[in-house]
Amino acid sequence: MNPRAIRYGIDHPTLAYYRALVAEHGSPLLVISRQRLIAQYQTLQQYLPHVAFYYAIKAFPNADVIRILAEQGCHFDVASEGEIALLKAHRISGRHTIHTHPIKKDTDIRAALRGGSTTFVVDNLDELKKLIPYRQRVGVLLRVSFRSDSAAVDLSRKFGCNPADVPAIVREAQALDIHIRGLSFHVGSQSLDSATHVAAIHECARLIADCNRDSDNPMNVLDIGGGFPLDYADAQLDLDAYFAPIQTALTALPDDLHVIAEPGRFLVAPAVTGIATITGKARRGDYQWYYLDDWIYGSYSGQLFDHVHYPLQITRDASNLEAAILSGPTCDSIDIIAEDVLLPTLEEGDLVIGHMMGAYTAATATRFNSLSGAKILL
Ligand SMILES: Cc1ncc(COP(=O)(O)O)c(C=O)c1O
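All values reported here derive from a predicted model rather than from experimental measurement. Within each chain, residue numbers correspond to sequence positions counted from 1 in written order. With pLDDT at 70 or above as the cut-off, local features in this predicted model cover only qualifying residues; side-chain atom pairs require 80 or more to be listed or tallied, and sums for whole chains, interfaces and linings still use all residues. Derived side-chain values reflect all non-hydrogen atoms in the structure, with water molecules and hydrogen atoms excluded from consideration.

Focus on the nonpolar core
Selection rule: Joining through side-chain atoms within 4.5 Å is the link that ties buried Ala, Val, Leu, Ile, Met, Phe, Trp, Tyr and Cys residues into a set, and such a set is a nonpolar core. The buried label goes to any residue with under 20% of its type's maximum accessible area, the exposed label to any with over 50%, and the partly exposed label to all in between, with areas taken from a 1.4 Å probe on protein chains only. Numbering goes from the N terminus for both helices and strands, where a helix is a DSSP run of H or I of at least four residues and a strand is a run of E of at least two. Domain extents, as shown, originate in an automatic or database domain assignment. Only heavy atoms enter the contact rule, under which two residues are in contact if any of them lie within 4.5 Å.
Counting 103 residues, the largest nonpolar core has Leu-48, Tyr-55, Leu-183, Ile-224 and Phe-228 as the members making the most contacts within it. Per-element tally for this core: the top contributor is helix α8 (residues 195–212), with 8 residues. Residues from two domains meet in this core; each of domain 1 (6–31 + 272–377) and domain 2 (34–268) gives at least three. With sequence-adjacent residues up to four places away left out, Ile-224 is seen in contact with Leu-48, Phe-185, His-197, Ile-201, Leu-250, Val-259, Ile-260 and Ala-261. Counting residues in hydrophobic clusters, the runner-up holds 11 residues, among them Val-22, Leu-29, Ile-275 and Leu-351.

Examining the side chain of Lys-104
What counts here: Charge assignment: positive for Lys and Arg, negative for Asp and Glu; neither His nor the chain ends contribute. A side-chain nitrogen of Lys or Arg and a carboxyl oxygen of Asp or Glu constitute a salt bridge if their distance falls within 4 Å. Each polar contact in these results corresponds to two N or O atoms within 3.5 Å; when the atoms are within protein, one needs to be able to donate a hydrogen and the other to accept it, and residues that are neighboring in sequence are counted only if both atoms are side-chain atoms.
Relative to the elements of secondary structure, Lys-104 occurs in the loop between β5 (97–99) and α5 (106–114). Within the buried core, Lys-104 has no salt-bridge partner, and the shortest N-O distance to an opposite charge, that of Glu-127, equals 4.4 Å. There is a polar contact of 2.6 Å between the side chain of Lys-104 and the backbone oxygen of His-101.

Focus on the environment of Ala-199
With respect to the helices, strands and loops of the structure, Ala-199 is situated in helix α8. For Ala-199, a relative accessible area of 43% corresponds to the partly exposed category. For the pair Ala-199 and Thr-14, spaced 185 residues apart in the sequence, the C-alpha separation amounts to 44 Å.

Description of the site of the ligand
The cut-off we apply is this: Throughout this document, a residue counts as near a molecule or strand when at least one of its heavy atoms sits within 4 Å of that molecule or strand. Only the protein chains shown count as covering a residue, and every accessible area follows the Shrake-Rupley method with a 1.4 Å probe. In the scheme used here, Gly and all other residues not listed as nonpolar or charged are polar, with Ala, Val, Leu, Ile, Met, Phe, Trp, Tyr, Cys and Pro taken as nonpolar and Asp, Glu, Lys and Arg as charged.
Surrounding the ligand, one finds 15 residues, the nearest of these being His-186, Ser-189, Glu-262, Arg-265 and Tyr-360. The contact in question runs from a nitrogen atom of the ligand to an N or O atom on the side chain of Asp-77, over 3.1 Å. Protein contact buries 92% of the 400 Å² of open area that the ligand shows by itself. Counted by class, the shell around the ligand contains 4 nonpolar, 6 polar and 5 charged residues.

A word on the pairing of strand β18 (residues 351–354)
Counted only if it meets this: When DSSP locates at least two bridges between a pair of strands, those strands are taken to pair.
With burial as the criterion, each face of β18 is covered, one bearing Leu-351 and Ile-353 and the other bearing Val-352 and Gly-354. Bridge count between strand β13 (residues 272–284) and β18: 4 bridges; the pairing is antiparallel. Following the sheet pairing, Gly-274 is matched in β18 by Gly-354. Bridge count between strand β15 (residues 312–314) and β18: 3 bridges; the pairing is antiparallel. Bridging across to β18, Gln-313 finds its partner in Ile-353.

Notes on the pattern of salt bridges
Enumeration according to the criterion identifies 14 salt bridges in this entry. Note that Arg-265 is salt-bridged to Asp-306, the shortest N-O span being 2.8 Å. Of this pair, Arg-265 sits in helix α10 (residues 265–268) while Asp-306 sits in the loop between α11 (302–305) and β15, and the two are 41 residues apart along the sequence. Comparing Arg-265 with Asp-306, the two get one shared label, buried. For the salt bridge of Arg-283 with Glu-322, the shortest nitrogen-to-oxygen distance reads 3.0 Å. Pair noted here: Arg-283 is in strand β13 and Glu-322 is in strand β16 (residues 322–327), with a separation of 39 residues, a long-range link. What makes Arg-283 partly exposed here is its relative accessible area of 48%. Exposure remark for Glu-322: the relative accessible area of 22% places this residue in the partly exposed category.

Let's talk about the domain arrangement of the chain
Here is the rule we go by: Reported buried area values correspond to the accessible surface (1.4 Å probe) lost by two parts on association, with both partners' losses combined.
Domain annotation for the chain reports domain 1 (6–31 + 272–377) and domain 2 (34–268). Here domain 1 and domain 2 have C-alpha centroids that lie 34 Å from each other. When the buried surface of domain 1 facing domain 2 is broken down by residue, Met-356, Ala-359 and Tyr-360 rank first, second and third, together holding 35% of it. Taken together, domain 1 and domain 2 are joined by 2 salt bridges. At the junction of domain 1 with domain 2, the criterion picks out 2 residue pairs in polar contact (both at pLDDT 80 or more). Tallied by class, residues from the side of domain 1 that touches domain 2 come to 11 nonpolar, 4 polar and 2 charged.

A word on the pairing of strand β7 (residues 139–143)
With 5 of its 5 residues buried, β7 lies for the most part within the structure. Where burial is concerned, the two faces of β7 agree: the one with Gly-139, Leu-141 and Arg-143 and the one with Val-140 and Leu-142 are both buried. Where strand β6 (residues 119–122) meets β7, 4 bridges bridge the pair, whose relative direction is parallel. For Val-121, the partnering residue across the bridge sits in β7 and is Leu-141. Here 5 bridges tie β7 to strand β9 (residues 179–184), and the two strands are oriented parallel to one another. When the bridges of β9 are listed, Leu-141 appears paired with Gly-182.

Observations regarding the packing of helix α2 (residues 34–47) against helix α9 (residues 239–251)
Packed helix pairs are specified by the crossing angle of their axes together with the interaxial distance, meaning the distance between the axes. To keep things clear, this is the line we draw: In this analysis, axes come from line fits to C-alpha atoms, helices being fitted only over the stretch in contact, and the angle between any two N-to-C directions falls in the range 0 to 180 degrees. Each angle is binned into one of four classes, with values under 35 degrees roughly parallel, values over 145 roughly antiparallel, values of 65 to 115 roughly perpendicular, and all other values oblique.
Between α2 and α9, the shortest axis-to-axis distance is 10 Å and the interhelical angle comes to 50°. As far as their axial angle goes, α9 and α2 are oblique. Two secondary-structure elements touch here, α2 through Leu-44, Gln-46 and Tyr-47 and α9 through Leu-239, Asp-240, Phe-243 and Gln-247. Of the residues that constitute the contact of α2 with α9, the class distribution is 4 nonpolar, 2 polar and 1 charged.

Here it is as structure tokens:
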């Protein structure tokens, strides 16, 4: 039997609130909590004081999230023309952004500049050279690769230069009169151990100090990326223990090194709750199947792309449990949200709640079967 934990039962005011939302807006829903979003931002500020945050819009590209975080003083990490347009539509100046995609077309660079973004990430000489026409207007962060076994999603295989190549790229940038403002890295998303962060901070500090020794235009930015983890599996993840070594490593940096970060998941995942409704049921062999109106190609797409299983809650108490399957509505047999779970008898119309559903959920949802997807509410 799959040990995936299900939370059973729900308090009456919360259930009434969810039911009222469904009655008014339909189902499925993704509901943003402003309070929780601000709490996550403040938590990160407490763990990483003196770090400037750039929310990685890709995690949950949503206007309300952007507005709330902007009100808190958060900046933004953009990686596409669409993300820049989203900021522009909400009158957020590109001056508060960094463009973190290491591989860009000229049209991407131009769109970012038009949007006011002037800090670009590169990780190789070809990409650096694409910035020659704009060198008077741009500053560059050079992305360095640090592989991590403890991350759910390795982001240093595809992007980032070898640390040993940093001095040569910096020298070439100086020769091309392009200003390298600093170094950046991303140790991988949902990184459960901060050791790679710490090693990367130390190594980048050393590289910056070495490169600055003979430079008229020294680097003064270190971008420590995202990757900060969440406890999806109720595994007693100790955030104090996780962040303490990173804090210590940051404290040892020179005072004039400006540290920034690009968190996505940590800010937004706990701030969004999914509400789906059971639309039908069937007995098949040893299993009781329940069909929901949200799906693996929809808000639950992160189970495939992001390797995360969201904590699920049903509204009935744990009595007469039997082996069950929670399935999505599409025609595809991989469209299953939870296999082999123990459930009491559920009925059509029952709600199934998905917790921590903000990061890489709606962002990667598709319109398979021409289903329209969860409505997002604040
Ligand atoms: C360049 C970059 N920055 C930041 C992030 C956000 O990472 P996380 O959601 O793990 O904090 C990502 C995620 O893919 C990324 O690719």
